[in-house]
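Structure assessment
The primary structure of each chain is shown beneath.
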Amino acid sequence: MHSQDKSELIKNLPMIPLRDLVIFPSTLVPFIIGRSSSIQALERASGQDKMIYLSAQMDASLDNPRPLDIYSMGIVAKIIRVVKMDDKNMKVIVEGKKRARIVEYLSTFPFYQVLVKEIREIEADNDKTRETLKVVLTLFEDYLKLSQHANFDSIIPALRENSVNRISDIISSHLFLPVEEKQNLLETINPLERLRRLNFVLENELIKIHAKLRKEGKGGGRKAPFREGSGQKIFSPGMGGKKDDQPNEVEELRKRVAEAKMPKDAEDKANKELERLEVMPPMSAEATVCRNYLDWLLSLPWNKKSREKRSLKEADRILNEDHYGLEKVKERILEYLSIRQLVKNPKGIILGFVGPPGVGKSSLGQSIARATGRKFVRLSLGGVRDEAEIRGHRRTYIGAYPGRILQMIKKGGTRNPVFLLDEVDKMNVDFRGDPASALMEVLDPEQNNSFLDHYIDTEYDLSQVMFIVTANVLEAIPRPLIDRMEIIRIPGYTEEEKLQIAKQFLLPKQLKAHGLTQENITISDKALRKLIREYTREAGVRNLEREVTSVCRKVVKKVVDKGKTFRESVTPRNLEKYLGIPRFKRSEIERRDEVGVALGMAWAEFGGEILSFEVTKVHGKGNFTLTGQLGEIMQESAQAAFSYVRGKLYQLNIARDLHKNYDIHIHVPEAATPKEGPSAGITIATAIISLVTDIPVDKKVVMSGELTLLGKVLPVGGIKEKLLAAHREGIFEAILPLDNMCDLRDMPKKVMDAMKIHFVETMDEVLKIALTGEIPDKGKKKVPLASDSTEDKEEREDSQEPPVTH
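These numbers were taken from a predicted model, which means no experiment stands behind them.

Attention now moves to unusual backbone geometry. The step from Phe 109 to Pro 110 runs through a cis peptide bond, and the omega angle for that step is 5°. Structurally, Pro 110 can be placed in the loop between β6 (90-107) and β7 (112-118). Here the phi dihedral of Ser 26 falls at roughly 65°; this positive angle occurs in a residue that is not glycine. Structurally, the position occupied by Ser 26 is in the loop between β2 (10-18) and β3 (28-33). Overall, Ser 26 belongs to the partly exposed group, its relative accessible area being 27%. We note that Lys 50 has phi near 65°; this positive angle belongs to a residue other than glycine. Along the chain, the position of Lys 50 falls in the loop between α1 (36-47) and β4 (51-56).

In structure tokens:
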């Protein structure tokens, strides 16, 4: 036997005196308090670190005990739960932590505040202690079997703890003894001495029980002790979890299970948990786990459905009321409602909205819910990296909960909501699993009718849910997940569409939000066009709404200063007074045609953009330099374009010393923005050939396409967004690969009518359109063969064609 540490810890804690109750370390104990001083001490402890000092009164009949009426030895405990029972009484559950002794009473009003010294435990691990422990455990087992007040099954597992101190404290807490005897056990610090005392106490208790049973007969037994005082009520910690202790709760849960109309498997699991709950102590940790599980099973909408609207006219009106344009999405929703007219229970649809930010992907989900009469729930998947976020944790984990799919279903309250999975492309993967893989079961119409959450551990039908998935780019989403959705691309808006959105949606919304009327402010169409062109550069309308809000705020200030009759007209001339100088200008596009500068089209998650590619040559040794924060794929595309140009120039007998005497430098402005992809191949090649031939590139033409070493033009992605960006910047002529012709089917008619698009298959076709003049042909050269004589070389120089290198 040896001491762990002779040093002791001093703590300043609020105190509650207890009636007829002694609490031991490592035990969970419920009791009721009603005295004002006890409630105030509890509130003080709850507002700090939830630690409180508990000590028994010497005389339980005293309502206002003095320090001399309270035992100095008590327990430092942690408050686990507080439940208000009525206006005067509160039910408290605490966990005993360490023995402690009062050093000083710091205050006695309005509650006791004491300075206590924690007492370190003494370890005892020798043969004598272990032998005494075996005897005590045998006696305690006999005591539990004969006593009708303790639950044998719930106490025995707790005694498997190896610590002698812990076992002796648990046994002490479950004995029905006078307060004086329990206090004596609490104050016995030496574990061997405590075990000897327990041995003596248990032998006496068993003699008393046997004598009482002989006197009263086999059915005789005592009632569980319960003391009721004017200020405080005590529930004995030794009381078992018998059915009579909690009939109302179990019966109520059983009734709710019967009314829930769950599937058979779920109902069987619920009934099994109810049977377990019946035999558990009410305040045990396992009982709390059972209750939580039953609450989740009962709160899920197993059969509750929203009554759907099936009127196509009403749905069309709601969709047009909330959003301008987006005809393909609206058409798809109306098709689904049409199917509902003919098919009673069609499978839920899974739509994937892909497009730049601010085009209305998330708000479309709310509109669809309104149009169909369903509930709407939204789950943001940005940053989610744990598979358990989707499927939940198994109940073996502390604090386990169902996954967020079933949490949102519970929140919606029906089994057929419109479920928006937002920003699915922003999910991550780490050692905890891949949430995108877990989503495959959710979004598969063939599997989601039996979705299995790890916590619920029974199948739940998601087939009636209308899933809507949103993303900015498809590249970040796994291909198997994409295959489970019906992808609908939502490109950026044209200038005319933005104008109509601002007039019909954004401006009325902000007028209402700022308390303005149409009498206070009017914004002309020309002012809105200038705002769109010079103050925003985006595919969506998020920044446009922000700028409209800024104008409204400044008008509100004037209305407050000058009265509600104040009226302001915003025009292109006074727009700068509200928003400052324009942020974007088209100086690059408005310049004249230049040599070595070509315009290309780029596509990012924020929409399409126009990029300028600049090429220059300086005297050097044939080095090739790329700047502008170009990605690896774009650098390889530039290398391929340069190799093609060298072969083309050799074929045309132009600048044959280019690779020997000059360095080529390609730069893409806006160097702070990363750029990636192969679609700049034809743009870079055009700029280099323009530089070498001294022929300017037409600045009214933009282009996009991948270039091979043989001069073929291959298709690229993001055509819609790129053309919308060109149209937005006032460029109405574009060069695209022939294989991208099919991507124009869903382009807005107004854009297609305004633009002239050239479809090409080879680089020669690109040069004829993009350059302002024809490339001069200075004659063709042939590389002589090594085996030829000088005369042979000269004879064949004009008769043979040079090797084709493009």
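Formed by 53 residues in total, the largest nonpolar core has its most connected members in Phe 419 and Leu 421. Ranked by the residues each element gives to this core, the list is headed by helix α9 (residues 285-299), at seven residues. Counting residues in each nonpolar core, the second largest holds 51 residues, with Val 329, Ile 501, Tyr 535 and Tyr 578 among its members.

With that settled, consider helix α11 (residues 327-342). Compared with an ideal rise of 1.5 Å per residue, which puts 16 residues at 22 Å, α11 spans 23 Å between its outermost C-alpha atoms and is within 8% of the ideal. For α11, the complete set of buried residues consists of Val 329, Lys 330, Arg 332, Ile 333, Leu 334, Tyr 336, Leu 337 and Arg 340. The elements touched by buried residues of α11 are α10 (312-322), β11 (350-354), α12 (361-372), β16 (466-471) and β17 (486-489).

We now examine the pattern of salt bridges. One pass over the full model with this rule turns up 41 salt bridges. Between Asp 63 and Arg 19 there is a salt bridge, and its shortest N-O distance comes to 2.7 Å. With Asp 63 in the loop between β4 and β5 (73-84) and Arg 19 in the loop between β2 and β3, the pair connects residues that are 44 residues apart, well separated along the chain. Overall, Asp 63 belongs to the partly exposed group, its relative accessible area being 33%. Judged by relative accessible area, Arg 19 falls into the buried class, the value being 2%. The residue Arg 395 makes a salt bridge to Glu 273 at a minimum N-O spacing of 3.3 Å. In this pair, Arg 395 sits in the loop between α13 (388-391) and α14 (404-412) while Glu 273 sits in helix α8 (residues 264-278), placing the two residues 122 residues apart along the sequence. For Arg 395, a relative accessible area of 28% puts it in the partly exposed group.

Turning our eyes to something else, we now look at the packing of α10 against α11. Direction vectors running N to C along α10 and α11 enclose 155°, while the axes themselves pass 10 Å from each other. Classed by the angle they form, the pair α10 and α11 counts as roughly antiparallel. Relative to α11, α10 is oriented so that their crossing is right-handed. Contact with α10, carried on its side by Leu 312, Ala 315, Asp 316, Leu 319 and Asn 320, involves Lys 330, Ile 333, Leu 334, Leu 337 and Ser 338 of α11 and no other residues of that element. Class assignment of the residues belonging to the contact of α10 with α11 gives a composition of six nonpolar, two polar and two charged.

What counts, and at which threshold
Residues numbered from 1 in each chain as written. Predicted model: local features only at pLDDT ≥ 70, side-chain atom pairs only at ≥ 80, totals over all residues. Heavy atoms only, no water. Helix = DSSP H or I, 4+ residues; strand = E, 2+ residues; numbered from the N terminus. Buried < 20%, exposed > 50% of the residue type's maximum accessible area, 1.4 Å probe, protein only. Core = buried A, V, L, I, M, F, W, Y, C linked by side-chain atoms within 4.5 Å. Expected span 1.5 Å × (residues − 1). Contact = heavy atoms within 4.5 Å. Salt bridge = Lys/Arg side-chain N within 4 Å of Asp/Glu carboxyl O. Axes fitted to C-alpha atoms, helices over the stretch in contact; angles between N-to-C directions. Parallel < 35°, antiparallel > 145°, perpendicular 65-115°, else oblique. Left-handed = near helix turned anticlockwise from the far one by under 90°. Nonpolar A, V, L, I, M, F, W, Y, C, P; charged D, E, K, R; others polar.

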